[in-house]
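Summary of structural features
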Amino acid sequence: MLSSPLAPAKAAETPIPTGIRLVPFDEAFRNDPYPVLKRLRDAEPIHRDESLSRWFVTGFEDVREVLRNKDLSVNINKALPESYAGRLASNAKTSGMSITFSSILFTDDPDHRRLRSLVSKRFSPKAAEEVRPRIRTNVAELLDTIPDARFDAVKSFAGPLPVIVIADMLGIEREQRTAFKKWSEDLTAGFFNPLKIAEQSARGGPCPGSAL
């Protein structure tokens, strides 16, 4: 049966988010990822992202199964060159950051378990209680720098606070915190962005004379 030429055309379905729309370097995704992730989870909880050559898993049970699967690896050295992780590895090599491969983030057991045991004491409930007074001081000092009654909680508070706390724990001087934050952002752009430009790669690389 032919439809009437006067009948309204069926609205085109919203395409499944993929590629650049699923990375934090996309401004819309970074500002509000939840609608994007809900759309993907509802339409395709196990999604093949062809443009960045990766699998994107958003269903709770599926994610739990992936995390428990001992046959899967986080070792970036095992990634195919054309895959998302392989591109990150290439970023690290071209930026002179191959030492990143030995990070606990990219290590499987038993090495992961060994490295985790070395740092776990610093993240125990007892250790957290010991630094609570310092963090409270950091919070109070940061709030004192916000003059307006209404402000962007993420930009003015939630964003800067972790940098301040980490810098304090590492013994970085107060006047160096801005530079410390910029170095962290440059490192992220130089390594974790598979779509980075040459300038970002240069900024994310080690400083001249660095051991990295």
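This text gives an overview of the structure that appears in the document.

Scoring rules and cut-offs
- Residues numbered from 1 in each chain as written.
- Predicted model: local features only at pLDDT ≥ 70, side-chain atom pairs only at ≥ 80, totals over all residues.
- Heavy atoms only, no water.
- Helix = DSSP H or I, 4+ residues; strand = E, 2+ residues; numbered from the N terminus.
- Contact = heavy atoms within 4.5 Å.
- 1 Å grid on protein atoms, 1.4 Å probe; cavity = no way out; pocket = protein on both sides within 12 Å on 5 of 7 lines; lining within 4 Å.
- Points joined across faces, edges and corners; volume = space filled by probe spheres on them.
- Core = buried A, V, L, I, M, F, W, Y, C linked by side-chain atoms within 4.5 Å.
- Buried < 20%, exposed > 50% of the residue type's maximum accessible area, 1.4 Å probe, protein only.
- Salt bridge = Lys/Arg side-chain N within 4 Å of Asp/Glu carboxyl O.
- Pairing = 2+ DSSP bridges.
- Patch = residues over 30% accessible without salt bridge, like charges linked within 9 Å, V, L, I, M, F, W, Y side chains within 5 Å.
- Areas by Shrake-Rupley, 256 points an atom, 1.4 Å probe, with all protein chains shown as cover.
- Lys, Arg positive; Asp, Glu negative; His and termini not counted.

1. A word on the overall build of the protein chain
A tally of helices and strands in the protein chain yields ten helices and two strands. Starting at the N terminus, the α and β elements of the protein chain follow one another as α-α-β-β-α-α-α-α-α-α-α-α. Taking contacts inside the protein chain between residues at least 6 apart in sequence as the whole, the part at least 24 apart equals 48%.

2. Regarding the layout of surface pockets
To find leftover empty space, one rolls a probe the size of a water molecule over the atoms. Volume-wise, the largest pocket comes out at about 1500 Å³. If you trace the largest pocket, you find 34 residues lining it, with Val66, Leu67, Leu72, Ser73 and Val74 closest to the centre. Going through the elements one at a time, strand 2 (54-57), helix 3 (60-68), helix 4 (84-94) and helix 5 (111-119) are the ones with two or more residues in the lining of the largest pocket.

3. Some details on the nonpolar core
Counting seven residues, the largest nonpolar core is built from Val23, Leu52, Ile76, Tyr84, Leu88, Ala89 and Phe106. Ignoring anything within four residues of it in the chain, the contact list for Val23 reads Phe29, Leu52, Arg54 and Tyr84. By size, the runner-up hydrophobic cluster in this structure holds five residues, among which are Leu22, Val36, Leu40 and Phe56.

4. A look at unusual backbone geometry
For the bond running from Asp109 to Pro110, omega is 10 degrees, close enough to zero to count as cis. Its location among the elements puts Pro110 in the loop between helix 4 and helix 5. Even without being glycine, Ser53 reaches a positive phi, approximately 50 degrees. As for its placement among the helices and strands, Ser53 is situated in the loop between strand 1 (46-49) and strand 2. In this structure Ser53 comes out as buried when scored by relative accessible area, which is 14%.

5. Here we look at the environment of Ala92
Relative to the helices and strands, Ala92 is located in helix 4. Considering only alpha carbons, one finds Ala92 and Leu187, 95 residues apart in sequence, at a separation of 9.7 Å.

6. Observations concerning the pattern of salt bridges
Summed over the entire model, instances satisfying the criterion amount to eleven salt bridges. Measuring nitrogen to oxygen at the nearest pair gives 2.7 Å for the salt bridge that ties Glu61 to Arg64. Here Arg64 and Glu61 lie together in helix 3, a separation of three residues that amounts to about one turn. Taking the shortest distance from any N to any O, the salt bridge between Asp168 and Arg134 comes out at 3.5 Å. With a gap of 34 residues between them, Asp168 in helix 8 (residues 160-169) and Arg134 in helix 6 (residues 125-144) connect regions that are remote in the sequence. Residue Asp168 is classed as partly exposed on the basis of its relative accessible area of 24%.

7. Description of the pairing of strand 2
Where burial is concerned, the two faces of strand 2 differ: the one with Arg54 and Phe56 is buried and the one with Trp55 and Val57 is not. Two elements, strand 1 and strand 2, share four bridges in a ladder whose sense is antiparallel. The partner of His47 across the bridge, within strand 2, is Phe56. Between strand 1 and strand 2, which pair antiparallel in sequence order, lie four residues; one of them, Ser53, sits at a positive phi of approximately 50 degrees.

8. What about a nonpolar patch on the surface?
On the surface, a nonpolar cluster with roughly 350 Å² of combined accessible area is contributed by Leu118, Val119 and Phe123. Locating Val119 in the fold gives a position in helix 5.

9. Quick look at the side chain of Arg177
Take Arg177: it is sitting in helix 9 (residues 177-191). No salt bridge is formed by the buried Arg177; its nearest oppositely charged neighbour, Asp168, is found at 4.4 Å. If sequence neighbours within four positions are ignored, Arg177 has contacts with Asn138, Val163, Ile164, Ala167 and Asp168.

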